[in-house]
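Structural characterization, general
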Amino acid sequence: MSGCAKVADSSAGKRALQAGEDATLYVQRLLLTNQSLAREFSKQDISSWFKPNGTESPSDEEYQKFAKTGFAEFRLKIGGLVEHPFDASLADLRAMPARTQITRHDCVEGWSCIGQWTGVPLSELLQRAGLKPQARYVLFHCFDQMDPNGLDASNSNYYETIDLTDAFHPQTLLAYDMNGAAVPVAHGAPLRLRVERQLGYKMAKYVKAIEVVDNFENLRGGRGGYWEDLGYDWYAGS
Ligand SMILES: Nc1nc2c(c(=O)[nH]1)N[C@H]1C(S)=C(S)[C@@H](COP(=O)(O)O)O[C@H]1N2
Ligand SMILES: [Mo]
């Protein structure tokens, strides 16, 4: 029996050869090359005050209920175009490999703050889930409702999308700690996205679910994010 046939025959080999896991590995190899890092700072550079912006406390009932018990009952959902959808509690996420980085947050409105973020790299979650070959974007669903009189009256929650290059970037995290303590509600508790090479509005706060999609043309305003639907650029990087 050839080496390849042996691998394909073993149950571990079969698992490794599943289309979705192959797709994830392929995407990772492709995307992890030539990824420049956003500048990282030192502890002394951390801003004494970090401006909260946009929603500072979601009024959503389910969110309020989770907040009362320190989000102990909260489960992040990971699904869409993946082989193995799963749910994860904050304890599950804290048990996964973590990354800490001190970065500068730039808001399109013209202010910047430096903060330290700790969280699970989004690549970890996507690897675990296994991308299907059609996967192209990662969509973040948030708890906070924005303008109920906006483009889609049935759903005005904040949302964002990023491509797989940013999704697998080593500094792209779902952060659960800010400056060494649990992310405060004003800054997106219990989980907020960090996509360090882009502007603040890409960094969805109050993330409740992650959905892998092949496009976002038919979603909401069709431009891939709450602010994008109102005219901001989808790619908010330099
Ligand atoms: N869910 C959600 N995410 C959001 C926003 C928001 O209103 N709701 N505002 C965005 C904007 S414009 C910025 S600058 C940052 C602000 O993050 P901060 O409150 O931690 O400063 O969050 C971004 N993510
Ligand atoms: Mo912003």
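What comes next concerns the included structure. (Residues numbered from 1 in each chain as written. Chains lettered and ligands numbered in written order. Predicted model: local features only at pLDDT ≥ 70, side-chain atom pairs only at ≥ 80, totals over all residues. Heavy atoms only, no water.)

1. Describing the site of ligand 1
To keep it simple, the criterion reads: When at least one non-hydrogen atom of a residue lies within 4 Å of a molecule or strand, that residue is treated as near it. In protein, a polar contact means a hydrogen-donor-capable atom and an acceptor-capable atom, both N or O and within 3.5 Å, with residues adjacent in sequence counting only if both atoms are side-chain atoms; elsewhere, any N or O pair within 3.5 Å suffices. Per-residue and other accessible areas follow the Shrake-Rupley method at a 1.4 Å probe size, with only the shown protein chains counted as cover for residues. Cavities and pockets are defined on a 1 Å grid built over the protein atoms alone: a cavity is a set of grid points where a 1.4 Å probe fits but cannot escape, while a pocket is an open set with protein on both sides within 12 Å along at least five of seven lines, and lining residues are those with an atom within 4 Å of any such point. Cavity and pocket membership follows a simple rule, namely that a molecule belongs there if more than half of its atoms are within 2 Å of the grid points. Lys, Arg, Asp and Glu make up the charged group, whereas Ala, Val, Leu, Ile, Met, Phe, Trp, Tyr, Cys and Pro make up the nonpolar group; the residues left over, Gly among them, are polar.
The full set close to ligand 1 counts 22 residues, and K51, N53, D144, H187 and K205 are the nearest of them. At 2.9 Å from an oxygen atom of ligand 1 is found a side-chain nitrogen or oxygen belonging to R192. When isolated, ligand 1 has an accessible area of 540 Å², and the protein chains bury 98% of it. Among the cavities detected, the one that contains ligand 1 is the largest pocket. Of the residues in the shell around ligand 1, the class split is twelve nonpolar, six polar and four charged.

2. Points about the pairing of strand β4 (residues 112–121)
Put simply, the rule is: Exposure is judged per residue with a 1.4 Å probe applied to protein chains only, and the accessible area is read against the type maximum: over 50% gives exposed, under 20% gives buried, and values in between give partly exposed. Under the DSSP-based scheme used, a helix requires at least four consecutive residues in state H or I and a strand at least two consecutive residues in state E, with every element numbered from the N terminus. Pairing between two strands is assigned when DSSP locates at least 2 bridges connecting them.
The element β4 is extensively covered by neighbouring structure, given that nine of its ten residues are classed as buried. Pairing between strand β3 (residues 99–106) and β4: eight bridges, direction antiparallel. Looking across to β4, one finds that D106 is bridged to S112. Where β3 hands over to β4, the hairpin turn is made up of five residues, of which G110 adopts a positive phi near 110°. Relative to strand β7 (residues 173–178), β4 runs antiparallel, the two being bridged by five bridges. Each residue of the ladder has a partner; that of W117, found in β7, is M178.

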